[in-house]
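# Report on the structure
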Amino acid sequence: MGDTQRSQTISAEIQGIAEQTACDSDGEGPPVLTGENSFGKIRMLAEKNPDMVFTSLIHRIDLRLLRDSFRLVRKSKSAGVDGMTAKQYAENLDNNLYNLYQRLRRGQYAATPVKRIWLEKEDGGKRPIGIPALEDKIVQKATETILYVIYDVDFYDFSHGFRKGHSQHEAIHELREQCLKLNINWIADADVSGFFDNINHKMLQDIVSRRINDGGIRRLIGKWLNAGVIEGGNLSRPESGTPQGGVISPLLANIFLHNVLDDWFVREVKPRMKGRCFIIRWADDFIVGLEAKSDAVRIMEVLPKRFGKYGLSLNMRKTKLIPFGKPDRAGKYKPGTFDFLGFTFYWAKSLRGYWVIKKKTAKKRLMRFMKTLWDWCMRNRHKPLKEQHKALCEKLLGYFQYFGVRSNYRALETVRNHAVKAWRFWLSRRSHKGGLSWEKYEKIISDFPLPLPRIIHNI
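These figures come from a predicted structure and were not determined experimentally. (Residues numbered from 1 in each chain as written. Predicted model: local features only at pLDDT ≥ 70, side-chain atom pairs only at ≥ 80, totals over all residues. Heavy atoms only, no water.)

Looking now at the packing of helix α5 (residues 93–106) against helix α6 (residues 134–151). Put simply, α5 and α6 touch, their axes get as near as 12 Å, and they point 65° apart. The angle between α5 and α6 falls in the class roughly perpendicular. Between α5 and α6 lies a crossing whose hand is right-handed. Contact residues: Asn-96, Leu-97, Leu-100, Arg-103 and Leu-104 in α5; Glu-135, Ile-138 and Val-139 in α6. Along the lines of polarity and charge, the residues of the contact of α5 with α6 split into five nonpolar, one polar and two charged. (Axes fitted to C-alpha atoms, helices over the stretch in contact; angles between N-to-C directions. Helix = DSSP H or I, 4+ residues; strand = E, 2+ residues; numbered from the N terminus. Parallel < 35°, antiparallel > 145°, perpendicular 65-115°, else oblique. Left-handed = near helix turned anticlockwise from the far one by under 90°. Contact = heavy atoms within 4.5 Å. Nonpolar A, V, L, I, M, F, W, Y, C, P; charged D, E, K, R; others polar.)

Set out below in structure tokens:
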């Protein structure tokens, strides 16, 4: 059979499978729903039956879902261990997805080790990056799509990380409102040591099986957990942790912490508290607010034990209990401050003279970003002005986009002024002929203006 004839045969078979999986359940088995909006029945079952265990899901990974998953995964130019880029894969997409689908059906799909590389950070340091093989990313995205439909209805509203319709600013806003509404006097600020690298594989699989006990799905998860990491030609197989860089890793981490922390807090901790309390979580960063001091002391005692039960530990040097009650009129009581998602929360008076909770860029984040700007200007001072200007604008706008909240305008001004000074300082050192006068620099700034600070989030 020639290549052309083989390609036509495969395309016809693909079309037949796609048509078959798109049908309703006129046969003996359950309906196979495809597409992003096709999992309504699964979601409805998950909502109505919180204790239901799903045992037949693997067949939902069909050709259409694989194609959608390819479209949704990040198209990185860097290839994994297999050397396949998204551009190369797309050149023969139908055949490649068909072959992947057949391997999944026959149980012949094998996970590829993650390639680890080290990228230069803007501050001069290095950070590890995991690059999974493209087909692993596609299958992980398809699996994540199915699991998310079920677990999203289980997750509590105070869990904001890696979920549709949730954002860091929503978590920040909710934290402030809960402190005011519940008369919070104490903040338990906990730090989990190396959370993503220390998730116990067996415990994670056991937790998943309480809701999803499909053998095919669990085998896929097991393959990704045990695929290993290749660095410099050496293969290692960590006995704990989620796949580095894996599409499914954030969801698996959320599932794990939902059972370790969220559900435990709602079912066992909260009913035993004497005063009011709340919890806000973004991935492994979480804050517990408490009204009564006795509750605060108690939660600090039980948190390390709870995490230890699941093979995790708290960094006790960074885990602390902070008094955060409303200041009194006499000014004798001064509450502390705490950091969450890059912001420092503190009490201050409003323009009308009322005590309110404000937020500003955390000092470490502010200093780190300014150092990053300084180092970038130093390393890129010989590039064309237009190119430098474009990159600096992107950096500043990105900073304003996240940290542009009410009561934080001064920090935005500090960053912008620092960028102006850093750019002039290093432009004046492009040659040994002398410095750059302010007059000449003002002409450059006039032609290439840097963006002004803006309050983006007004909540």
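We are not done yet, so read on.
α5 packs onto helix α3 (residues 63–72) with a crossing angle of 125° between their chain directions and a minimal axis gap of 10 Å. The angle between α3 and α5 falls in the class oblique. When you trace α3 past α5, the crossing you get is right-handed. Contacts between α3 and α5 involve Leu-63, Leu-66, Arg-67 and Phe-70 on the former and, on the latter, Leu-93, Asp-94, Leu-97, Tyr-98, Leu-100, Tyr-101 and Leu-104. For the contact of α3 with α5, the per-class residue count stands at nine nonpolar, no polar and two charged.

This brings us to the sheet that holds strand β9 (residues 338–340). Strand order in the open sheet formed by three strands is β9-β10-β11, and the pairing between neighbours is antiparallel. Where the open sheet ends on each side, the last strands, each with one partner, are β9 and β11 (355–361). Taken pair by pair, the neighbouring strands of this sheet meet at an average axis angle of 40°, ignoring direction. Strand direction decides the pairing type here: β9 and strand β10 (residues 343–349), joined by three bridges, are antiparallel. Looking at the pairing, Phe-340 lines up with Phe-343 of β10. (Pairing = 2+ DSSP bridges.)

This next bit is on the nonpolar core. Counting residues in hydrophobic clusters, the biggest one holds 123 residues, and the most contacted among them are Phe-307 and Phe-340. The greatest single-element share of this core, amounting to eleven residues, is contributed by helix α10 (residues 249–269). Phe-307 has contacts with Val-192, Leu-257, Val-260, Leu-261, Phe-286, Leu-312 and Leu-314, leaving out every residue within four places of it along the chain. (Core = buried A, V, L, I, M, F, W, Y, C linked by side-chain atoms within 4.5 Å. Buried < 20%, exposed > 50% of the residue type's maximum accessible area, 1.4 Å probe, protein only.)

This next bit is on the side chain of Asn-254. On the secondary structure map, Asn-254 appears in helix α10. Excluding residues that lie within four positions of it along the chain, Asn-254 makes contacts with Phe-155, Ser-159, Gly-161, Phe-162, Arg-163 and Arg-281.

Attention now goes to the packing of aromatic side chains. The final tally for this structure, using the stated rule, is 21 aromatic pairs. Judged by centre distance (6.3 Å) and plane angle (40°), the rings of Phe-162 and Trp-282 are tilted. Separated by 120 residues along the polypeptide, Phe-162 in the loop between α6 and α7 (168–181) and Trp-282 in strand β6 (residues 277–282) bring together distant segments of the chain. In this structure Phe-162 comes out as partly exposed when scored by relative accessible area, which is 43%. Here Trp-282 falls in the buried class, since its relative accessible area comes to 15%. Residues Phe-195 and Phe-196 carry aromatic rings whose centres are separated by 5.2 Å and whose planes lie at 75° to one another, so their mutual orientation is edge-to-face. Judged by relative accessible area, Phe-195 falls into the buried class, the value being 2%. (Phe/Tyr/Trp six-rings, centres within 6.5 Å; stacked < 30°, edge-to-face > 60°.)

Here the focus is the environment of Ile-117. When you line up the elements, Ile-117 lands in strand β1 (residues 114–120). The class of Ile-117 is partly exposed, set by a relative accessible area of 26%. Placed 13 residues apart in sequence, Ile-117 and Gly-130 show a C-alpha to C-alpha distance of 6.6 Å. If we ignore the near neighbours within four places in the chain, the residues touching Ile-117 are Arg-127, Pro-128, Ile-129 and Ile-131.

On to the environment of Ile-172, then. Of note, Ile-172 is situated in helix α7. Look past the residues within four positions of Ile-172 in its chain and what remains in contact with it is Leu-341, Phe-343, Phe-345, Lys-359 and Tyr-402.

It is worth spelling out the confidence of the model for the chain at this point. The share of residues in the chain with pLDDT of 70 or more is 89%, and the mean pLDDT across the chain is 88. Taken together, the stretch residues 6–37 has pLDDT below 50 and engages in 40 contacts with residues farther than four places along the chain or on a different chain. (pLDDT = per-residue confidence, 0-100.)

Taken together, the four strands give an open sheet; going across it, the order is β6-β7-β3-β8, and neighbouring strands pair in antiparallel fashion. Of all the strands in the sheet, the pair left with one neighbour each is β6 and β8 (320–323). The mean angle between the axes of side-by-side strands here comes to 20°, regardless of whether they run parallel or antiparallel. Across the sheet, α7 touches β3 (186–190), β6 and β7 (285–290), and the angle it forms with β6 is around 165°.

Scanning the entire structure with this criterion turns up 17 salt bridges. Across the salt bridge formed by Asp-152 and Arg-43, the nearest N and O atoms sit 3.5 Å from each other. Taken together, the residues Asp-152 in the loop between α6 and α7 and Arg-43 in helix α2 (residues 40–48) connect sequence positions 109 residues apart. According to the relative accessible area criterion, Asp-152 is buried, its value standing at 12%. Residue classification places Arg-43 among the partly exposed positions, given a relative accessible area of 31%. With a closest N to O distance of 2.8 Å, Asp-262 and Arg-281 form a salt bridge. On the criterion of sequence distance, the pair formed by Asp-262 in helix α10 and Arg-281 in strand β6 is long-range, its members being 19 residues apart. Exposure remark for Asp-262: the relative accessible area of 0% places this residue in the buried category. Among the charged side chains, a network of salt bridges with common partners joins Arg-43, Glu-47, Asp-152 and Arg-163. (Salt bridge = Lys/Arg side-chain N within 4 Å of Asp/Glu carboxyl O.)

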